[in-house]
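Given next are the chains, with one letter for each unit.
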Amino acid sequence: SPVTCSDLFLLSTRNDDLKEMLESNKDSLKLDAMKRIIALIATGKNASELFPAVVKNVASKNIELKKLVYVYLVRYAEEQQDLALLSISTFQRALKDPNQLIRASALRVLSSIRVPIIVPIMMLAIKEAASDMSPYVRKTSAHAIQKLYSLDPDQKEHLIEVIDKLLKDKSTLVAGSVVMAFEEVCPDRIDLIHKNYRKLCNLLVDVEEWGQVVIITMLTRYARTQFTSPWKEDGLFDENSETAFYESDEKKTKNGDEKKSYMMDPDHRLLLRNTKPLLQSRNTAVVVSVAQLYWHLAPKHEVGVITKSLVRLLRSHSLFYIMKYHYGFMFSRQGMFEPYMKSFYVRSTDATHIKSLKLEILTSLANEANISTILREFQTYVKSQDKQFAAGTIQAIGRCATNISEVTDTCLQGLVLLLSNRDETVVAESVVVIKKLLQTQPTQHSDIIKHMAKLFDNIAVPMARASILWLMGEYCERVPQIAPDVLRKMAKSFTSEEDIVKLQTVNLAAKLYLTNSKQTKLLTQYILNLGKYDQNYDIRDRTRFIRQLIVPNEKSGALGKYARRILLAPKPAPVLESTYKDRDRYQLGTLSHTINTKASGYLELSDWPAVAPDQSVRNVEVIEPVMIHLYFYYPCPLITQMKLCVLESSSEAESDEEKSSSQSSEESDKSSSQSEKSSSESDSEQKKTTKKPPQKKTVKPTAKDSGYTVLSQSKCLSRSLFSLCILTPCPLSCAAALLQVSGPAFVPEKRHDLLHRMTGKGLSAQYQFPRQPCLYQPTMVSVQISLTNTTDHPLEQIHIGDRGPTGLDMHCFNTVECLLPEASVTVSLGVDFNDSTQAANFQLCTKEDQFSVSIQPAVGELFLPATMTEQDFRKEQGKLSYSSATITMAAENTTRQPISRQVATVANLGVVPSGQDNIHRFAGKTASSGAVVLVTVELRESSAALITINTEKSVMGPMLLRDLKRALTRA
């Protein structure tokens, strides 16, 4: 609606009030003003006039106010560049803010100022943010890369360096964003993906949905360049090569040619295996992305797994686009969706464009077996009040009649009956479709042509009248008595007809003049004279051409000799094709495929390579553990004593340990005296370390060997010396220092079936999580497996065979040489799940058989319990991302002991002491990466409770929250 003067007055008055509130000295008024401004922006109102008043508050100390100011600046920084530049120093200072949200918001605003002069500042900020401790800030830096590249493409090489660094990031929060930056800046640099391919495949399940779509699309293009085609028709698909082992390495065709087996690359299989679970995603885009990946990469006999998931999407809100994707799949492989044909039946509530697309799909599904069912459905659609839909149904019937010759006559008879319909649209469309069908078998349907001629006077739609006239002219020799009479009627009404009807009348007259000139010569001359003076120039030109062609005279030349060959030449029958033909040249799921035109930014899907490139480029070097003797000095206000971390090497003998401990005791005294001396000499000296290759003798550290981060300084020190086994030197975070791993608060006795005795041919296996630190490797989760022999004979050589996925590290148990009948044995297994709930798949083997099994961990089993002080807990909470929910707890779960029991049952977390009766705190860290996990259960009135989960792994929060809600609300 147009903006009136009163509207402008009200808007001006409102802006004046907001400006006064923003210039107030009270943060509460400023915060209220910013909330109103953000609400205006959300409703589509223009709030750019308030930019000067808002930007003044960019340096506010109120965190909530600063967040809203940054949200506003991100929206209008590009429009108000000059004013935004005045605050650039504030943004640079905010990049060092302790709050991760402020750092990220400052980078977001900085990258939104589209001024080339600040490109060096933006580049420096992006590089620093890419190394930030917070994954949220690193994610924001990946978003800023795309903005900087669009502003200054010359920075491409520098940005590629940052992308390469971020691609190595292990955080699931960063993965999707950096891959999007890769696709925008350097999609052709496939070499950057090689080393990160397996990591991306394994992280895919835990990435947010938007990132999953981006990564899947990129990996689809990558796979088409790195793996050979699994669609080779001359090859034998034999992934496991079992047949080749037991029978022969090759098979022969009927002609005696050798048929080589196709072996799928393990990395190719890794991608297909890790994307398959995403077909159950609630996000439509994710399901469609996985479907197109399987369509373009999977062997043909495996593509069918996407069918049910795509049919499920028919209940989504984006029905039109989902239907287009369905039709894209169907056009190449109709058999996939044939069992689900009823899912595509038209509903009365469907919009017209949805109905039309469903008609296309039903037509493509039609075959000799189901055509009778589809035609009965079409009979109902023809009676629809939606005229456009009814006309589309008639066209669909025509396509079915063309594609399936067995029902052509039946369809024709049905369409002829529709010529008596009262609806002109139905009749007109029927005539047009009949005309096309008659061209396929003109000799057999002269009766239909005669019937249409009788109905000619009752048909008023121009296209239908023109179609009948074309049929009369094309097959005038088969109806020699009817065609001249139709021409006579047209001569009477020629001046009042539509242009398309006039053109077909002229054509009919010309053809009858050549085949039956005795009866139609005068009529033809009369019609040509009428057309000569018609108002439409097309009709006038057509009339002059026809006259010179069929009426010979001195000026006509030799063209008249070929009049019959020109006008009465046999014409090929029209091919009724779908509008989706040839769309398979575009990648499914892309905009180009939807609009059937190459869109800007579309990346071609390359052909399969004839020879697979070297797969070793995806191998990642594993750094061997190095024994380093370290002295950690990290005193801080929260830690009043200097502590040295301990990890004893499991390979040392007891005698070596005793000898080492005696030597360590002597040298710790020396170390302490040296520490006290150095502390008195200089308070600025914060840490001392030393490194030396493994020896039984420990070397005393010196001040020159410092290289490890110190948290803070304190004069209250105690001394201790131990041996520490680490992989590489790395800074200690405050959270790592504050957390102390403790014993499990509760060990569930529940066991899970790993292998049923019927499936395992008498071998039964169950597994459970003992919640004890893994002896094999600290990053692994310990799993106990109970093996039972239920047969009447011994089972020999029970061991673990092939393992997967590739990214999961597993320490296998020693081979059980012999398990007697009715006997059981418990073995230990270590699995590094990479902080993911992805199942560990492997083969449990005996001497004779192999059984595919999998261990599926709950998210709570990936943690190690820890404890910390309440003060430290609160400080760490503010640095981590969070998920929260309010629930109504079961009555028996509202006291401290039941809450602790339920939480410990769900997750392997330690209890944190709390000074408040209504607040219960729990802490832990992930076994694989050591990411901190904090859980708070705050009791409120009427059995209500607020559950808050803070974690460095943003994907884990919602999963753990779901399990806790289920446990605490259950009686």
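This structure is a prediction, so every number in the text was calculated from the model and none was measured.

A. The arrangement of the overall build of the protein in detail. For the protein, the count of helices and strands is 37 helices and 22 strands. Out of the 971 residues in the protein, the part that is buried amounts to 49%. Restricting to contacts in the protein with at least 6 residues of sequence separation, those with at least 24 account for 67%. When the accessible area of the protein is evaluated, it comes to approximately 49,000 Å², of which 50% is carbon and sulfur surface.

B. Seen up close, the nonpolar core. Among the nonpolar cores identified, the biggest contains 184 residues, and Ile 37, Tyr 72, Leu 73 and Phe 378 are the most heavily contacted of them. Excluding residues within four positions of it along the chain, Tyr 72 makes contact with Met 34, Ile 37, Ile 38, Ile 41, Ala 47, Ser 48, Leu 50, Phe 51 and Val 54. Judged by nonpolar contacts, the second largest core, of 56 residues, contains Leu 755, Ile 899, Val 935 and Ile 949.

C. Looking closely at the packing of aromatic side chains. Scanning all chains against the criterion turns up ten aromatic pairs. For the ring pair Tyr 70 and Phe 91, a centre distance of 6.0 Å and an interplane angle of 55° mean the geometry is tilted. Linking Tyr 70 in helix α4 (residues 63-76) with Phe 91 in helix α6 (residues 88-94), this pair joins segments that are 21 residues apart in sequence. Neither residue differs from the other here; Tyr 70 and Phe 91 are each classed as buried. Note on Tyr 197 and Tyr 222: the rings are 5.1 Å apart at their centroids and 25° apart in plane angle, and the pair reads as stacked.

D. Structural context of empty space enclosed by the protein. Inspection of the entire model under this criterion finds three cavities of 30 Å³ or more. The volume enclosed by the second largest cavity comes to roughly 90 Å³. In terms of lining residues, the second largest cavity is bounded by Phe 769, Arg 771, Gln 772, Met 780, Val 781, Ser 782, Glu 861, Phe 863, Leu 864, Asn 908 and Ala 927. In the lining of the second largest cavity, the residues fall into six nonpolar, three polar and two charged.

E. Representation of helix α25 (residues 446-454) in the model. Buried residues of α25: Ile 448, Ile 449, Met 452 and Ala 453, and no others. For α25, the angular spread of buried residues about the axis comes to 140°, placing them on one side. The exposed set on the far side of α25, more than 90 degrees from its buried face, consists of Asp 447 and Lys 454. Looking at the buried positions of α25, the neighbouring elements they touch are α23 (408-418), α24 (424-438), α26 (462-474) and α27 (482-493).

F. The environment of Phe 344, seen in detail. Along the chain, the position of Phe 344 falls in the loop between α19 (319-332) and α20 (352-365). On the accessibility criterion, Phe 344 (0% relative accessible area) is buried. Sequence separation between Phe 344 and Val 311 is 33 residues; the distance between their C-alpha atoms is 9.1 Å.

G. Local environment of the packing of helix α28 (residues 499-515) against helix α30 (residues 537-550). The geometry of α28 relative to α30 is characterised by a closest axis approach of 10 Å and an angle of 5° between their N-to-C directions. By the angle between their directions, the pair α28 and α30 is classed as roughly parallel. Across from Asp 499, Lys 502, Leu 503, Val 506, Asn 507, Ala 510, Tyr 513 and Leu 514 in α28, the residues of α30 making contact are Asp 538, Ile 539, Arg 542, Thr 543, Ile 546 and Ile 550. Of the residues that constitute the contact of α28 with α30, the class distribution is eight nonpolar, two polar and four charged.

H. Representation of the environment of Ser 606 in the model. Within the fold, Ser 606 resides in the loop between α32 (591-595) and β5 (626-628). Considered as a pair, Ser 606 and Ala 223 are 383 residues apart in the sequence and their alpha carbons are 9.5 Å apart. In this structure Ser 606 touches Arg 224 and Thr 225, once residues within four positions along its chain are discounted.

I. Spotlight on the pairing of strand β9 (residues 763-768). Counted residue by residue, β9 has five buried out of six residues, so it is predominantly covered. In this sheet, β9 lies alongside strand β8 (residues 752-755) in antiparallel orientation, the contact comprising three bridges. Counted as the bridge partner of Leu 755 is Ala 765 from β9.

J. Inspection of the pairing of strand β10 (residues 781-789) at higher detail. For β10, the tally of buried residues reaches seven of nine residues, placing the bulk of the element in the interior. Bridging between β9 and β10 involves six bridges; their strand directions are antiparallel. Within β10, the position partnered with Ala 765 by the bridge is Leu 787. Strand direction decides the pairing type here: β10 and strand β14 (residues 824-832), joined by eight bridges, are antiparallel. Bridging across to β14, Val 783 finds its partner in Leu 829.

K. Layout of the sheet that holds strand β13 (residues 816-819). In space, the four strands of this open sheet follow the order β13-β11-β15-β16, with antiparallel pairing throughout. Strands at the two margins of the open sheet, each flanked by one partner only, are β13 and β16 (850-855). If you compare each strand with its neighbour and ignore which way they point, the axes differ by 35° on average.

L. Quick peek at α28. With 17 residues, α28 extends 25 Å between its outermost C-alpha atoms, agreeing within 8% with the 24 Å of an ideal straight helix rising 1.5 Å per residue. The buried count for α28 comes to 14 of 17 residues, which makes it a mostly enclosed element.

M. Structural context of the pattern of salt bridges. Here the structure, examined in full by the defined rule, presents 32 salt bridges. Here Arg 103 ties to Asp 132 by a salt bridge, and the two come within 2.8 Å at their closest N and O atoms. You can see Arg 103 sitting in helix α7 (residues 100-112) and its partner Asp 132 sitting in the loop between α8 (119-130) and α9 (135-151), a full 29 residues away along the chain. Relative accessible area serves as the criterion here: at 12%, Arg 103 is assigned to the buried category. Here Asp 132 falls in the buried class, since its relative accessible area comes to 15%. One salt bridge in this structure joins Glu 209 and Arg 282, with 3.2 Å as the shortest N-O distance. Separated by 73 residues along the polypeptide, Glu 209 in helix α14 (residues 209-226) and Arg 282 in the loop between α16 (266-275) and α17 (284-297) bring together distant segments of the chain.

N. Region of interest: the environment of Glu 406. Along the chain, Glu 406 turns up in the loop between α22 (387-403) and α23. Sequence separation of Glu 406 and Glu 368 is 38 residues, and the distance between their C-alpha atoms is 7.7 Å. In terms of polar contacts, Glu 406 uses its side chain to reach the side chain of Ser 405, at 3.5 Å.

O. Structural view of the side chain of Ser 467. Mapping Ser 467 onto the fold places it in helix α26. Residues within four places of Ser 467 in sequence aside, it is in contact with Val 431, Val 432 and Lys 435.

P. Fine view of the sheet that holds strand β12 (residues 809-811). Strand order across the open sheet formed by five strands is β8-β9-β10-β14-β12, with antiparallel pairing between neighbours. With one partner strand each, in any of the chains shown, β8 and β12 form the two edges of the open sheet. Across the sheet, the axes of successive neighbouring strands diverge by a mean angle of 30°, strand direction being ignored.

What counts and how
- Residues numbered from 1 in each chain as written.
- Predicted model: local features only at pLDDT ≥ 70, side-chain atom pairs only at ≥ 80, totals over all residues.
- Heavy atoms only, no water.
- Helix = DSSP H or I, 4+ residues; strand = E, 2+ residues; numbered from the N terminus.
- Buried < 20%, exposed > 50% of the residue type's maximum accessible area, 1.4 Å probe, protein only.
- Contact = heavy atoms within 4.5 Å.
- Areas by Shrake-Rupley, 256 points an atom, 1.4 Å probe, with all protein chains shown as cover.
- Core = buried A, V, L, I, M, F, W, Y, C linked by side-chain atoms within 4.5 Å.
- Phe/Tyr/Trp six-rings, centres within 6.5 Å; stacked < 30°, edge-to-face > 60°.
- 1 Å grid on protein atoms, 1.4 Å probe; cavity = no way out; pocket = protein on both sides within 12 Å on 5 of 7 lines; lining within 4 Å.
- Points joined across faces, edges and corners; volume = space filled by probe spheres on them.
- Nonpolar A, V, L, I, M, F, W, Y, C, P; charged D, E, K, R; others polar.
- Arc of directions from axis to C-beta.
- Axes fitted to C-alpha atoms, helices over the stretch in contact; angles between N-to-C directions.
- Parallel < 35°, antiparallel > 145°, perpendicular 65-115°, else oblique.
- Pairing = 2+ DSSP bridges.
- Expected span 1.5 Å × (residues − 1).
- Salt bridge = Lys/Arg side-chain N within 4 Å of Asp/Glu carboxyl O.
- Polar contact = N/O pair within 3.5 Å; in protein donor to acceptor, adjacent residues only side chain to side chain.

It is worth stressing that arrangement in space is one thing and function is another; only the former is reported here.
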